[in-house]
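A closer look at the structure
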Amino acid sequence: MMLTPQSIIAVIGSGTMGAGIAQVAAQAGHPVKIYDIQPDAAVRAIDGIATVLSARVAKGKLTESEKNAVINRLTAAQELNELADAALVIEAAAEQIDIKQAIFRDLATVCSAETIFASNTSSISITAIASGVPHPQRVAGLHFFNPAPVMKLVEVVSGLETAPAVLESLTSLALRWGKQPVRCHSTPGFIVNRVARPFYSEAWRALEEQIAPAGVIDAALRDCGGFPMGPLALTDLIGQDVNFAVTCSVFNGFWQERRFLPSLIQQELVLGKRLGKKTGQGVYRWPLNEELPYLAALPASAGAQLIERHGRAAWLNNSDFGDSVTDSWLQLDEVRVEVTQGETATQLAKRLNCPVVLIDLINNWQSSPLVVLAAAAGNTPEQTAKAIHFFQQQGKQVLEIRDYPGLLVWRTVAMLANEAADALQKGVASEQDIDTAMRLGVNYPRGPLAWGAELGWQNVLRLLENLQQHYGEERYRPTSLLRQRTLLETQHEH
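In this report, the structure presented in the accompanying data block is examined. (Residues numbered from 1 in each chain as written. Predicted model: local features only at pLDDT ≥ 70, side-chain atom pairs only at ≥ 80, totals over all residues. Heavy atoms only, no water.)

**Section: the sheet that holds strand β8 (residues 180-185)**
Spatial strand order, β3-β2-β1-β4-β5-β6-β7-β8: eight strands in an open sheet with mixed pairing. Here the strands that pair on one side only, and so sit at the sheet edges, are β3 (74-77) and β8. Shown here is a sheet whose adjacent strand axes are inclined to one another by a mean of 25°, direction ignored. Packed onto the sheet, helix α6 (residues 164-176) meets β4 (88-91), β5 (116-119), β6 (139-144), β7 (153-158) and β8 and runs at close to 155° relative to β8. Running over the sheet, helix α16 (residues 431-441) touches β7 and β8 and is turned about 125° from β8. (Pairing = 2+ DSSP bridges. Helix = DSSP H or I, 4+ residues; strand = E, 2+ residues; numbered from the N terminus. Axes fitted to C-alpha atoms, helices over the stretch in contact; angles between N-to-C directions. Contact = heavy atoms within 4.5 Å.)

In structure tokens, the structure reads:
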């Protein structure tokens, strides 16, 4: 089961992922055979790879001879039995378990018992795929991310029967290919597609509850949260059908666990064939105009006197926002301004008996152009305007959303940290691999476990408990590992 730089690699499926994986393998020096059930599809895939590499030659990133060497390593296989001498077969066919099982059953009659079978599935059980294959110990997941030649992350997934030697071979191979492998066990969604679900689901919920327009929700997560793209725009880019299918797969894979509940709005988009960029219409009309719907500056008369700055309130003058999420607030005349802790502004105003404005979590105060805030229902427009004007004086643009517990960014980050903690507790992957996967696979500004620790597990727990109390739903239930880390954090403080 040793894979050398000269090992023949076979790729089943010549779509975007299959062609991308074949390109990666050929660039690493392997002879590569591409097989597709559609006639001439593999030939078209090789032509497509040649076009991509020619563009790199034109930009001076590759020489003509290097390009030709890569193309010469690629062969279109017409029959499955042409893959008999492959040391590794990577399946990148349709995301349907019966199709994948049939492919590997057929391959088992053609290939050596030593041939490693790897599936590029993003969420289907590796154990289930391997169940009908002779020598199931050679079957593993090798999940690349799109586009495969660019994205560094590869999830190396073990099923119940997968041999440790197979996992070692695939991990070493991924490293030789210039990738960053992470190891995980076969559970629905593996690491990335499981832990990332709240990033999308919290945005859909805010849209369903009409908290803010889609552009505002995306602006908050992108500019305050530090994510490279807003979640709703990202689902348009991925394809609403693809993203919805993964959500449904994870939801059903976890026996309808409410944390993974699919969105009715997204289902409507899929039913209406509004699939995003590829159809020209999804949440947005494409091409996308990401100009932000910022509020216009208020007149100077809306200004207020800063009477008191309680606690550290470090988010006013440095980037260390996490240290001052709680126990710090501003008093602007009669108006109290603080970071949300999961209560609504209206709840807090009633408890404190004063006007309240809550602001959302900001990943980096200095670099963020934006502040998102929500006002208590009892505030007068003039009182809320004082807070808006104050933040504008700090050089920030301001978006006001409806009063919503946890606002947009904080509740999303808390849910990501909670989901990552649940995956860690259940042994899906190591803490380092979970955080690495989320940074490299979906370009999060921080790994969710490191982010939770930085913000303070006590703060994450408080926010989730407030959300759970507000909604009365299991969806926001803190995982027991999160509670344990909160206790440890409290002990260390004392």
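**Details of the environment of Ala25**
Structurally, the position occupied by Ala25 is in helix α1 (residues 16-27). The exposure class of Ala25 is buried, given its relative accessible area of 0%. (Buried < 20%, exposed > 50% of the residue type's maximum accessible area, 1.4 Å probe, protein only.)

**Notes on the nonpolar core**
By size, the foremost hydrophobic cluster in this structure holds 118 residues, and its most contacted members are Leu107, Phe117, Ile191, Val337, Phe391 and Ile401. Apart from the residues within four sequence positions on either side, Val337 is in contact with Trp329, Leu330, Leu332, Val357, Ile359, Ala387 and Phe391. Judged by nonpolar contacts, the second largest core, of 41 residues, contains Ala19, Val57, Val70 and Ala76. (Core = buried A, V, L, I, M, F, W, Y, C linked by side-chain atoms within 4.5 Å.)

**Some details on the packing of aromatic side chains**
A full pass over the atoms with the stated rule returns 11 aromatic pairs. Plain terms: the ring middles of Phe227 and Tyr444 are 5.0 Å apart, the flat faces sit at 90° to each other, and that makes the pair edge-to-face. Of this pair, Phe227 sits in the loop between α9 (214-224) and α10 (231-238) while Tyr444 sits in the loop between α16 and α17 (448-455), and the two are 217 residues apart along the sequence. Since its relative accessible area comes to 2%, Phe227 is described here as buried. Clustering of aromatic rings is evident, with ring pairs tying together Phe199, Tyr200, Phe227, Tyr444 and Trp451. A cation over a ring is seen here: Lys396 above Trp365, with NZ or CZ 4.8 Å from the ring centre. (Phe/Tyr/Trp six-rings, centres within 6.5 Å; stacked < 30°, edge-to-face > 60°. Lys NZ or Arg CZ within 6 Å of the ring centre and 35° of its normal.)

**Re the pattern of salt bridges**
With the rule as written, the count across this model stands at 26 salt bridges. Close ionic contact of Lys386 with Glu334 constitutes a salt bridge, the shortest N to O distance being 3.1 Å. Within this pair, whereas Lys386 is found in helix α14 (residues 381-393), its partner Glu334 is found in the loop between β10 (329-332) and β11 (335-339), the two being separated by 52 residues in sequence. Here Arg485 makes a salt bridge to Glu431, at a shortest N to O gap of 2.8 Å. Within this pair, whereas Arg485 is found in helix α19 (residues 480-493), its partner Glu431 is found in helix α16, the two being separated by 54 residues in sequence. Accessibility expressed as a relative area gives 30% for Glu431, which makes it partly exposed. Counted as one network, the salt bridges with shared partners bring together Arg194, Glu257, Arg259, Glu419, Asp422, Lys426, Glu474 and Arg477. (Salt bridge = Lys/Arg side-chain N within 4 Å of Asp/Glu carboxyl O.)

**Structural notes on the pairing of strand β2 (residues 32-35)**
Regular strands place their side chains on alternate faces of the sheet. Side chains Val32 and Ile34 of β2 all project onto a buried face; the interleaved residues Lys33 and Tyr35 project onto the opposite face, where all are buried too. Bridge analysis of strand β1 (residues 9-12) against β2 gives four bridges, and the strand direction is parallel. Looking at the pairing, Ile9 lines up with Val32 of β2. Handedness of the crossover joining β1 and β2 through α1 is recorded here as right-handed. Where β2 lies against β3, four bridges are found, and the strand directions are parallel. What sits directly across from Tyr35, in β3, is Ala77. (Right-handed = clockwise from strand over helix to strand, strands pointing away.)

**Brief notes about the packing of helix α11 (residues 240-253) against helix α12 (residues 264-271)**
Remark: α11 packs on α12, axes separated minimally by 9 Å, with the N-to-C direction vectors making an angle of 135°. Taken together, the axes of α11 and α12 are oblique relative to one another. The crossing of α11 and α12 is left-handed. For the pair α11 and α12, the contacting residues are Gln240, Asp241, Asn243 and Phe244 in the first and Gln266, Gln267, Leu269 and Val270 in the second. For the contact of α11 with α12, the class distribution of residues is three nonpolar, four polar and one charged. (Parallel < 35°, antiparallel > 145°, perpendicular 65-115°, else oblique. Left-handed = near helix turned anticlockwise from the far one by under 90°. Nonpolar A, V, L, I, M, F, W, Y, C, P; charged D, E, K, R; others polar.)

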